[in-house]
Amino acid sequence: MQFFIDTANLDQIREAHALGVLDGVTTNPSLMAKEGISGEQNILNHYKAICDIVDDNVSAEVISTDYEGMIREGEKLAAIDDKIVVKVPMIKDGIKAIRYFTDKGIRTNCTLIFSAGQAIIAAKAGATFISPFIGRLDDISFDGIELIQQIVDIYDIQGFETQVLAASVRNSLHIVKCAEAGAHVVTCPLSAITGLLNHPLTDKGLAQFLADHAKANG
Ligand code: E4P
């Protein structure tokens, strides 16, 4: 399973990259706004700065919701760097745009996926990744992990090559459950990634080892 970090914060991206476990980055307009990035050129520059940190897979989302606008924006984003994956919303024009980008050899991430049906049509259009939002489903009392499992099963049965990129991940348990369900990628905040490191018995055990070593060695 690949690990992406879900942020536009350069320090957090650097920290995750330095851990040696990072395969990519996802952003969205809300995450870009949170970092105070606005204006077309600043946005393009920021994506370039992210590309300069990581090895591959930087999802950059289009703002347009019409086909022509998405093509225009997506081509501009893709021209920034080969690492860019154009993120397109799950709407009718988005599906047409994904087909266009796929035929042009531009990778895509179909975002705002909340059902297996949406996952099927995005795969038919040739999306490289689809992003089911598990946390937002959990928030309204639907089981986000169950959706990941369902989509992974359908893609396996049908032989779709589109990768399931579990998004809207809120904690480390989500990551473990996504791994169990067979998600190809998980994108999550830094806290969920570093949370995987923690166990109180590890801390207790290490403290004991160090104390015993100190006692024996003076
Ligand atoms: C990433 O691709 C998504 O945009 C993101 O994971 C959404 O997360 P949220 O539901 O926590 O905003």
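Placed above this text is the structure.
The present account deals with the structure reproduced in this document. Numbering of residues starts from 1 in each chain and follows the order in which that chain's sequence is written. With pLDDT at 70 or above as the cut-off, local features in this predicted model cover only qualifying residues; side-chain atom pairs require 80 or more to be listed or tallied, and sums for whole chains, interfaces and linings still use all residues. Note: side-chain values were computed over all heavy atoms of the structure, leaving out hydrogens and water.

Some details on the environment of L147
Where helices and strands are cited, they refer to DSSP runs of H or I of at least four residues and of E of at least two residues respectively, numbered from the N terminus. Considering the arrangement of structural elements, one finds L147 in helix α8 (residues 144-158). Residues L147 and A166 lie 19 residues apart in sequence; the distance between their C-alpha atoms is 9.8 Å. When neighbours within four sequence positions are excluded, L147 is seen to be in contact with I113, F114, S115, A116, P132 and L137. Contacts: residue pairs with any heavy atoms within 4.5 Å of one another.

Some thoughts on α8
To estimate how far a helix should extend, the number of its residues minus one is multiplied by 1.5 Å. Under the 1.5 Å per step criterion, the end-to-end length of α8 is 21 Å for 15 residues, consistent within 8% with the ideal 21 Å. A simple rule labels every residue: compare its accessible area, found with a 1.4 Å probe on the protein chains alone, to the largest value its type can have, and call it buried under 20%, exposed over 50%, or partly exposed in between. Here α8 has its buried residues at G144, I145, L147, I148, I151, V152, I154 and Y155. Here the buried face of α8 lies against β5 (108-113), α6 (116-124), β6 (129-132), α7 (134-139), β7 (163-166) and α9 (172-181). As used in this structure description, the phrase polar contact means that two N or O atoms lie within 3.5 Å; if the pair is within protein, one of them must be able to donate a hydrogen and the other to accept it, and residues adjacent in sequence are counted only when both atoms belong to side chains. The distance from a side-chain oxygen at the start of α8 to the backbone nitrogen of I145 is 3.1 Å, and the residue carrying that oxygen is D143. Just beyond α8, the residue with positive phi is G159, at close to 70 degrees.

Considering the packing of aromatic side chains
Stacked, tilted and edge-to-face pairs are distinguished by plane angle, under 30 degrees for stacked and over 60 for edge-to-face with tilted covering the rest, among Phe, Tyr and Trp rings (Trp via its six-membered ring) whose centres lie within 6.5 Å. Under the criterion given, the structure shown has five aromatic pairs. Between F4 and F129 the ring centres are 5.8 Å apart and the planes differ by 75 degrees, which places this aromatic pair in the edge-to-face class. Taken as a pair, F4 in strand β1 (residues 2-6) and F129 in strand β6 lie far apart in primary sequence, 125 residues in all. Neither residue differs from the other here; F4 and F129 are each classed as buried. Each ring, one from F114 and one from F133, has its centre 5.5 Å from the other, and the planes form 65 degrees; the classification is edge-to-face. You can see F114 sitting in the loop between β5 and α6 and its partner F133 sitting in the loop between β6 and α7, a full 19 residues away along the chain. Judged by its relative accessible area of 6%, F133 is buried.

Topic: the environment of S115
With respect to the secondary-structure elements, S115 resides in the loop between β5 and α6. C-alpha of S115 to C-alpha of L147: the two residues are 32 residues apart in sequence and 7.0 Å apart in space. Each residue touching S115, except ones within four places of it in the same chain, is listed here: L147 and I151. Here the side chain of S115 touches Q118 through a polar contact of 3.1 Å, landing on its backbone nitrogen.

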